[in-house]
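# Structural features, examined
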Amino acid sequence: MTRVLGTAFALCMALLLSALPSYAQNADGPSVQRIDVQGNQRIEESTVLSYMVIREGQPYTQALVDQSLKTLFATGLFADVQIEQSNGTVVVKVVENPIINRIAFEGNSKISQKTLEDEVQLKPRMVFTRAKVQSDVQRIIEVYRRGGRFAAQVEPKTVQLAQNRVDLVFEINEGPTTGVSRIIFIGNKAFGDSTLRDKIATGESVWWNFLQSNDNYDPDRLTFDREQLRRFYLSQGYADFRVISAVAELAPDRSGFYITFTVEEGELYNFGKVEIDTKLKDIPLGELQQLIRFEGGDQYNAEMIDKSVDALTLAAGTKGYAFVDIRPRVRRNKDEKTVDVVFKMEEGPRVYIERINIVGNTRTLDKVIRREVRLVEGDAFNRVLINRSRSRIRGLGYFKKVEITEEPGTAADRTVLNVEVEEQSTGEFSVSAGFSSADNIVGAVSLTEKNLLGRGQFLRLQVSVSSIRQQIDLRFTEPYFLDRNMSAGFDIYNTYATYDEQNYEANIRGVGLRLGFPVSEFGRLGLRYTFRQDDTTFSSNQFQVVGLTTLSQVGFTYAYDEKDDPIEPKNGFDFTLSSDVSGVGGDKKYVRTEMSSNWFKRLWTDELVLNLAASAGYIIAYSDEELEVNDRFFKGGGSFRGFKTSGIGPRDVAFESAGQTPVSVGGEAYAIGTVELRFPNFLPEELGIKTSLFSDVGTMGIVADDDGSCVLAPAVGAKCIKDDLSLRASAGLSVYWNSPFGPVRLDFSQVLNKEDYDQTETFRFSAGTKF
């Protein structure tokens, strides 16, 4: 009996427990029969329902309601959401966030509208949410802080519009610039605070230096300053140097920041053992050792290690090792205070060029750029040829910026080259003028297009009008004639010149044909033919030239250029040799030869560059012919600063005592040397102003027809040619300004040595505008 009762009790309990879930399930509410969405305007009802967790046919529970509310708010589409239920019907009431009609900024004068538009994340036609607005407020404040304005305040406001739209307005109070009141260094013993301040980018705010823009606190710049200090100390022999901390503290009155660098200099080190461990068999070890910029016993300098790696890489590249891997192994000996360096050289894995992309050329044709690239798809990657390609593209003069970058290709041994260029104005309308010590003004106007129709063709129309010369000159060059690496062009010109004080008048008409082609990677040969007619009248007391003569001549120019940069070279040299032979028909018979050369050397910084230049020329008649005055050389002005055009060289001074200006008769030989030092002027780089000191030294002379007689008398037949072939010298300052309206050059000169009959000028100005 007891067993039966126990069994009956267990059965009742099981039935009761099986009924409990159904009861609990229905405890939170009835089953959902229908879901209605109210308040939606732009958003479809189906979209709202897709975000909800509650579904028709499910029981209505508070957990499902809470989860649906969170999901709907998370979309950012709604400003408010309410969920209610009545008799199995769930009502979802929504208030949609408005749509942004436009975004405006008010009160910003120091930061442009475009900069702020690029910084904020909200855009027109996006959904307005307060969270996103506050995020953009912080972004704007951060922009102002990076510019040194830590007191900037931003208040967002909305203007309600029809159809649930708003205008979002950020009202900005920029506040004053929070400068750097003081930069302090702690722990420095070898170098003073002033020396270290010169090595970092951040500067102290001073009232008189209103042009500087680095006197505000910038966290990113502070990180850069730490690296600059490290590089400086490592270049001065302190191999253990480290920056312990760099702290910026805002003054209590928020007037400026106090920046404190705490450094640990360590001991001074010298280089110890210097070795090269190379697996490259084709390059002699002795040749590689000569490229090392230091030797054992020298003061340690980390920059010299980097430069040695660059030199070794370049040398290996020129020998065909395009994939050389050079790793300097540095070991410090703290007891001996020396640093041993081993350069480990190995040939790395080969990589091939899969594709070359040309980007940024909005005007110039792709083929104009591609033909200057020294590599093609399928070639082995070669750093030397890539650098050469960049130099050649820059040398075109069509682009403001040229960068060649690499990115991985479709395979491990493939790479993609991206040639990124930024177009600049290639048309130029230039006006030049010069002012001499005698208040004489000379000038020229020219219209030049160096990249005609984006095809790389050169076209120039020049018109010179002054009191002594009128000239028109048309020149055209096709750099790749018939799509071959061969240039072709022509010149047409007409010049009419009168020098009343020199009794000279000439009407010169001519045409020239040119052809050029490369003879090596750095060398180029140009051939030319010129036909010219000279209708000349010239009379001095010794020379008389009247009549029409013709010139028919052939010539060549060989140019060799190994400068590291064609626009602003810092290292390298160039050399030019040209010669013309007249007498292939025509009346004149002479040989004219000229040469010029430039050598550039970076001294200690990229802003300090030495340039040594030399030029010389000689002309000689043959077959018993005599040279005419306009065949000789005339130097001065731009070719010899400090002297006016045709200001140096032989002169007829017979009537100088009678108040007449000495007549320049030209010279048959000249030699001019120049020393020029480009130096930093500490002006902001964005101004585009460069300065250099120069000194020109040279001479010009030799008049073969001069018999040496000199009669100083105002009479018929009086003659006196001064041809001393003496040394002339000048020095001065040149200022180059890449102004918004074109290049400007100012030359301030002081003549150091001259002859009494030379004509000088102290200032020369030239300017141009680009289009």
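Throughout what follows, the structure given in this document is the object of discussion. A quick note: this is a predicted structure, and the numbers were derived from the prediction, not measured. (Residues numbered from 1 in each chain as written. Predicted model: local features only at pLDDT ≥ 70, side-chain atom pairs only at ≥ 80, totals over all residues. Heavy atoms only, no water.)

This part takes up the overall build of the protein. When its secondary structure is counted, the protein shows eleven helices and 34 strands. Of all 771 residues assigned to the protein, the portion counted as buried reaches 40%. Considering only residue pairs separated by 6 or more positions, the protein has 58% of its internal contacts joining residues 24 or more positions apart. Counting every atom, the protein has about 41000 Å² of accessible surface; 53% of that belongs to carbon and sulfur. (Helix = DSSP H or I, 4+ residues; strand = E, 2+ residues; numbered from the N terminus. Buried < 20%, exposed > 50% of the residue type's maximum accessible area, 1.4 Å probe, protein only. Contact = heavy atoms within 4.5 Å. Areas by Shrake-Rupley, 256 points an atom, 1.4 Å probe, with all protein chains shown as cover.)

If you trace the backbone, asparagine 451 turns up in strand S17 (residues 441-452). Residue class for asparagine 451 comes out buried when judged on its relative accessible area of 0%. Polar contacts involving the side chain of asparagine 451 include one to the side chain of threonine 364, which spans 2.8 Å. Apart from the residues within four sequence positions on either side, asparagine 451 is in contact with Arg363, Thr364, Tyr398, Thr426, Gly456 and Gln457. (Polar contact = N/O pair within 3.5 Å; in protein donor to acceptor, adjacent residues only side chain to side chain.)

Bringing helix H5 (residues 130-146) into the picture now. A rise of 1.5 Å per residue sets the reference length of H5, with its 17 residues, at 24 Å; its end C-alpha atoms lie 25 Å apart and thus fit the reference within 8%. Taken together, the buried positions of H5 are Val133, Asp136, Val137, Ile140, Ile141, Val143 and Tyr144. For H5, the arc enclosing every buried residue in end-on projection is 150°, short of the 170-degree limit, so these residues lie on one face. If you follow the buried residues of H5, they end up packed against strand S4 (99-106), helix H4 (113-119), strand S5 (153-161) and strand S6 (165-173). Directly after H5, the chain includes glycine 148, whose backbone phi takes a positive value near 90°. (Expected span 1.5 Å × (residues − 1). Arc of directions from axis to C-beta.)

Counting across every chain of the model gives 18 aromatic pairs. Aromatic pair phenylalanine 294 and phenylalanine 343: ring centres 6.2 Å apart, planes at 40°, arrangement tilted. With a gap of 49 residues between them, phenylalanine 294 in the loop between helix H8 (285-289) and helix H9 (302-318) and phenylalanine 343 in strand S12 (residues 338-347) connect regions that are remote in the sequence. When its relative accessible area of 0% is taken as the criterion, phenylalanine 343 is described as buried. Plain terms: the ring middles of tyrosine 560 and phenylalanine 573 are 5.8 Å apart, the flat faces sit at 25° to each other, and that makes the pair stacked. Residue tyrosine 560 is found in strand S23 (residues 544-561), and its partner phenylalanine 573 is found in strand S24 (residues 572-586); the two are separated by 13 residues along the sequence. (Phe/Tyr/Trp six-rings, centres within 6.5 Å; stacked < 30°, edge-to-face > 60°.)

All right, on to a negative patch on the surface then. A cluster of acidic side chains, namely Asp587, Asp624, Glu625 and Glu626, defines a negative patch on the protein surface. With respect to the helices, strands and loops of the structure, glutamate 625 is situated in the loop between strand S26 (609-621) and strand S27 (651-652). With a relative accessible area of 35%, glutamate 625 lands in the partly exposed category. (Patch = residues over 30% accessible without salt bridge, like charges linked within 9 Å, V, L, I, M, F, W, Y side chains within 5 Å. Salt bridge = Lys/Arg side-chain N within 4 Å of Asp/Glu carboxyl O. Lys, Arg positive; Asp, Glu negative; His and termini not counted. Charge placed at Lys NZ, Arg CZ, Asp CG, Glu CD.)

As a further point, take the environment of glutamate 423. Mapped onto the elements of the fold, glutamate 423 is located in strand S15 (residues 414-423). With relative accessibility at 17%, the residue glutamate 423 sits in the buried group. With 26 residues separating them in the primary sequence, glutamate 423 and glycine 397 have C-alpha atoms 9.5 Å apart. Discounting chain neighbours no more than four positions away, the residues touching glutamate 423 are Gly360, Asn361, Thr362, Arg363, Thr364, Tyr398, Phe399 and Lys400. Among the polar contacts made by the side chain of glutamate 423, one reaches the main-chain amide nitrogen of threonine 362 at a distance of 3.3 Å. Reaching out from glutamate 423, the side chain makes a polar contact with the backbone nitrogen of arginine 363 at a distance of 3.0 Å.

With respect to the helices and strands, the residue leucine 515 is situated in strand S21 (residues 504-518). Leucine 515 gets classed as partly exposed once you look at its relative accessible area, which sits at 32%. Taking the C-alpha atoms as reference points, leucine 515 and glycine 526, eleven residues apart in sequence, are found 5.6 Å from one another.

Within the open sheet, the three strands sit side by side as S10-S12-S11. Their pairing is mixed. Of all strands in the sheet, those with a lone pairing partner are strand S10 (270-278) and strand S11 (324-333), marking the two edges. On average, adjacent strands in this sheet sit at an angle of 15° to one another, irrespective of strand direction. Looking at chain direction, S10 and S12 are connected through seven bridges and run parallel. Counterpart to asparagine 270 in the pairing with S12 is threonine 338. (Pairing = 2+ DSSP bridges. Axes fitted to C-alpha atoms, helices over the stretch in contact; angles between N-to-C directions.)

Moving on, we get to unusual backbone geometry. The backbone of phenylalanine 682 shows a phi angle near 65°, a positive value even though the residue is not glycine. Along the chain, phenylalanine 682 turns up in the loop between strand S29 (669-679) and strand S30 (689-701). On the basis of relative accessibility, which here comes to 77%, the residue phenylalanine 682 falls in the exposed class. The backbone of leucine 725 shows a phi angle near 50°, a positive value even though the residue is not glycine. Within the secondary structure, leucine 725 is located in the loop between strand S31 (721-722) and strand S32 (728-739).

This part is about the sheet that holds S6. As summarised here, the arrangement of the three strands in space is S4-S6-S5, forming an open sheet in which the pairing is mixed. The two strands at the open ends of the sheet, each matched to only one other strand, are S4 and S5. The mean inter-strand angle of the sheet, taken between neighbouring strand axes irrespective of direction, is 20°. Bridging between S4 and S6 involves seven bridges; their strand directions are parallel. What sits directly across from glutamate 106, in S6, is glutamate 171. With respect to the sheet, H5 is in contact with S4, S5 and S6, its orientation differing from that of S6 by roughly 30°.

This paragraph deals with the side chain of aspartate 534. Within the fold, aspartate 534 resides in strand S22 (residues 523-539). In terms of polar contacts, aspartate 534 uses its side chain to reach the side chain of arginine 532, at 2.9 Å.

Looking now at the pattern of salt bridges. The final tally for this structure, using the stated rule, is 43 salt bridges. Put simply, glutamate 377 and arginine 370 hold a salt bridge, and the shortest N to O gap is 3.4 Å. Classification of glutamate 377 by relative accessible area gives partly exposed; the value is 38%. Arginine 370 gets classed as partly exposed once you look at its relative accessible area, which sits at 32%.

One finds Phe294, Tyr300, Phe343 and Met345 to be the most contacted residues of the largest nonpolar core, which totals 24 residues. At the level of elements, S10, H9, S11 and S12 are the ones that each hand at least two residues to this core. Per-element accounting of this core gives the leading share, six residues, to H9. In this structure, tyrosine 300 is in contact with Leu234, Ser235, Gln236, Gly237, Ala239, Tyr269, Asn270, Phe271, Ile305 and Val339, ignoring residues within four places of it in sequence. (Core = buried A, V, L, I, M, F, W, Y, C linked by side-chain atoms within 4.5 Å.)

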